[in-house]
Amino acid sequence: MKNILITGGAGFIGSHVVRLFVNNYPDYHIFNLDKLTYAGNLANLVDVESKPNYTFLKADITNAEELAVLFEKHKFEAVIHLAAESHVDRSITNPLEFVITNVVGTVNLLNTAKNAWKNNMEGKLFYHVSTDEVYGSLHDENEFFLETTSYDPQSPYSASKASSDHFVRAYHNTYKLPVVLSNCSNNYGQNQFPEKLIPLFIHNIQNQKALPVYGKGENVRDWLYVVDHARAIDLVFHKGKIGDTYNIGGFNEWKNIDLIKVVCKAMDKKLGRTAGESEKLITYVTDRAGHDLRYAIDATKIMNELGFKPSLQFEEGIEITIDWYLNNKKWLEDVTSGNYQNYYNQQYGEKFIA
Ligand code: NAD
Ligand code: DAU
């Protein structure tokens, strides 16, 4: 059995990656390392928690001693690193937390892997999962982010992720650590924390609350279904070239206000409300500071070299997503009330679990 460490596996994307690897690779033992911050929710993994090839480890990537104990005990052969602070608005209020988790935490993990693997790097892999936000903001509608696009991060969040990407490449160049990176566009789907646009708006529409659209709603994001991101991670992990970077996306750009109207229409239908009722909740609010105008990924490389193809059209994915939140009211209520931290996560307390 090959022991694989996935960090941030109790979060949104991490939980989908853990599920895919646990279910599809019985020869791997998947260790999910998570600190269980506000964004980590073990309820995301109830369907895999009792599988024989799954183990939860409660630890903090900023704690080098904890990481050393875990690498010594479990002899990980590969790392898929997703743990991070991930919300742009929070990074504007508390940038230092993003430096500590995303930069210091990543360097700690790189260091620990380097030390553990120093006598034999053969067959080892450090896979760093990153974001398209490192490339900055596009202003020309014919422009796309390529793997060769220069980094130009504009928010404390993207600056911290850009810095972590640079450290990953520096460890490859300096210490020959076998690494691979991917930079993905905006994800949507089940289990996303309702501070992010789509689940927040689904929740607010359900509860007849205002929909706070930043600025004029003209910013453009490129949306990918989270399960497709997990499938792409699987491809990069197994077929990606050491030292390379792969941009992940589905060529699916939406202006925020147009996307919000699609969600409003679908919600009216599903909740049996009069057409146009949810749109009345749209409220234009002060823009996000330094709000990036447009992100758009050119995913040609991963499509051509690794055979990646999104499995869903956006219209289908958004229907599945809305249905999931409507059918999983308890998950949404527990998350919005904070109950989940008592219910699922408290059994672990503050303890380090190796
Ligand atoms: P998330 O906020 O939902 O989950 C992050 C997870 O990391 C949580 O489970 C949290 O408990 C854990 N974590 C945070 N700090 C930790 C620490 N110090 N030690 C151990 N665990 C810690 O994030 P997400 O949206 O699932 O994003 C996962 C990764 O993918 C991030 O690296 C993010 O930058 C990247 N990414 C996200 C998107 C997106 O649209 N959400 C797109 C591209 C890339
Ligand atoms: O591009 C990938 C990135 O996508 C990831 O790296 C980040 O972790 C992830 O959070 C996401 O960042 P965004 O800032 O694009 O996502 P968010 O859901 O916060 O916002 C999407 C767009 O909607 C953005 O233009 C801001 C706008 N918005 C967001 C919220 C929460 C609103 O207009 N109102 C809102 O209340």
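Here's what I pulled together on the structure shown here. (Residues numbered from 1 in each chain as written. Chains lettered and ligands numbered in written order. Predicted model: local features only at pLDDT ≥ 70, side-chain atom pairs only at ≥ 80, totals over all residues. Heavy atoms only, no water.)

**Notes on the packing of helix H4 (residues 95-117) against helix H5 (residues 156-175)**
Turning to step 1, where the next piece is worked out: Across the interface, H4 lies against H5 with an axial gap of 9 Å and an inter-helix angle of 15 degrees. Here H4 lies roughly parallel to H5, going by the angle between them. Crossing handedness for the pair H4 and H5: right-handed. For the pair H4 and H5, the contacting residues are Pro-95, Phe-98, Val-99, Asn-102, Val-103, Thr-106, Val-107, Leu-110, Asn-111 and Lys-114 in the first and Pro-156, Tyr-157, Ser-160, Lys-161, Ser-163, Ser-164, Phe-167, Val-168, Tyr-171 and Tyr-175 in the second.
Turning to step 2, where the next piece is worked out: Of the residues contributing to the contact of H4 with H5, the split by class is 12 nonpolar, 6 polar and 2 charged. (Axes fitted to C-alpha atoms, helices over the stretch in contact; angles between N-to-C directions. Helix = DSSP H or I, 4+ residues; strand = E, 2+ residues; numbered from the N terminus. Parallel < 35°, antiparallel > 145°, perpendicular 65-115°, else oblique. Left-handed = near helix turned anticlockwise from the far one by under 90°. Contact = heavy atoms within 4.5 Å. Nonpolar A, V, L, I, M, F, W, Y, C, P; charged D, E, K, R; others polar.)

**A short note on the side chain of Ser-91**
Turning to step 1, where the next piece is worked out: By the element assignment, Ser-91 lies in helix H3 (residues 88-93).
Turning to step 2, where the next piece is worked out: Note on Ser-91: relative accessible area 0%, which makes it buried.
Turning to step 3, where the next piece is worked out: The residues contacting Ser-91, other than those within four sequence positions of it, are Phe-98, Ser-155, Pro-156 and Tyr-157. (Buried < 20%, exposed > 50% of the residue type's maximum accessible area, 1.4 Å probe, protein only.)

**Here we look at the packing of aromatic side chains**
Turning to step 1, where the next piece is worked out: All told, the structure shown has 22 aromatic pairs when counted by the stated rule.
Turning to step 2, where the next piece is worked out: Between Phe-31 and Phe-76, the aromatic rings sit 5.5 Å apart at their centres with planes inclined by 70 degrees, giving edge-to-face as the arrangement. Of the two residues, Phe-31 sits in strand S2 (residues 28-34) while Phe-76 sits in the loop between helix H2 (64-74) and strand S4 (78-81), which places them 45 residues apart along the sequence. The residues Phe-31 and Phe-76 share a single accessibility class, namely buried.
Turning to step 3, where the next piece is worked out: Members of the aromatic cluster, connected to one another through ring pairs, are Phe-21, Tyr-25, Tyr-28 and Phe-237.
Turning to step 4, where the next piece is worked out: Of note, Arg-221 hangs over the ring of Tyr-295, and the distance from its end group to the ring centre comes to 3.9 Å.
Turning to step 5, where the next piece is worked out: Over the aromatic face of Phe-144 sits the side chain of Arg-294, whose NZ or CZ is 5.4 Å from the ring centroid. (Phe/Tyr/Trp six-rings, centres within 6.5 Å; stacked < 30°, edge-to-face > 60°. Lys NZ or Arg CZ within 6 Å of the ring centre and 35° of its normal.)

**Remarks on the site of ligand 2**
Turning to step 1, where the next piece is worked out: Among the 24 residues in the neighbourhood of ligand 2, the closest are listed as Thr-131, Asp-132, Tyr-157, Arg-288 and His-291.
Turning to step 2, where the next piece is worked out: Between ligand 2 and Leu-197 there is a distance of 2.8 Å, counted from an oxygen atom to a backbone nitrogen or oxygen.
Turning to step 3, where the next piece is worked out: One of the side-chain N or O atoms of Asn-256 is found 2.9 Å from an oxygen atom in ligand 2.
Turning to step 4, where the next piece is worked out: Its free accessible area being 690 Å², ligand 2 has 94% of it covered by the protein chains.
Turning to step 5, where the next piece is worked out: Those elements that place two or more of their residues in the shell around ligand 2 are helix H6 (197-206) and strand S8 (211-214).
Turning to step 6, where the next piece is worked out: Residues belonging to the shell around ligand 2 are distributed by class as follows: 10 nonpolar, 8 polar and 6 charged. (Near = heavy atom within 4 Å. Polar contact = N/O pair within 3.5 Å; in protein donor to acceptor, adjacent residues only side chain to side chain. Areas by Shrake-Rupley, 256 points an atom, 1.4 Å probe, with all protein chains shown as cover.)

**What about the site of ligand 1?**
Turning to step 1, where the next piece is worked out: The environment of ligand 1 is formed by 29 residues, the closest being Ile-13, Asp-34, Ser-86, Tyr-157 and Lys-161.
Turning to step 2, where the next piece is worked out: Interatomic distance of 2.7 Å between a side-chain N/O atom of Ser-86 and an oxygen atom of ligand 1.
Turning to step 3, where the next piece is worked out: Out of a free accessible area of 840 Å², ligand 1 has 96% covered by protein chains.
Turning to step 4, where the next piece is worked out: The set of elements that each furnish at least two residues to the shell around ligand 1 consists of helix H1 (12-24), S2, strand S5 (125-131), H5 and strand S7 (186-188).
Turning to step 5, where the next piece is worked out: When residues of the shell around ligand 1 are assigned to their parent elements, the largest contribution, 3 residues, is made by S5.

**Considerations on the sheet that holds S7**
Turning to step 1, where the next piece is worked out: Sheet architecture is open: 3 strands sit in the order S7-S9-S11, paired in mixed fashion. A strand with exactly one partner marks an edge of an open sheet, and here the two such strands are S7 and strand S11 (253-255). The mean angle between the axes of side-by-side strands here comes to 50 degrees, regardless of whether they run parallel or antiparallel. (Pairing = 2+ DSSP bridges.)

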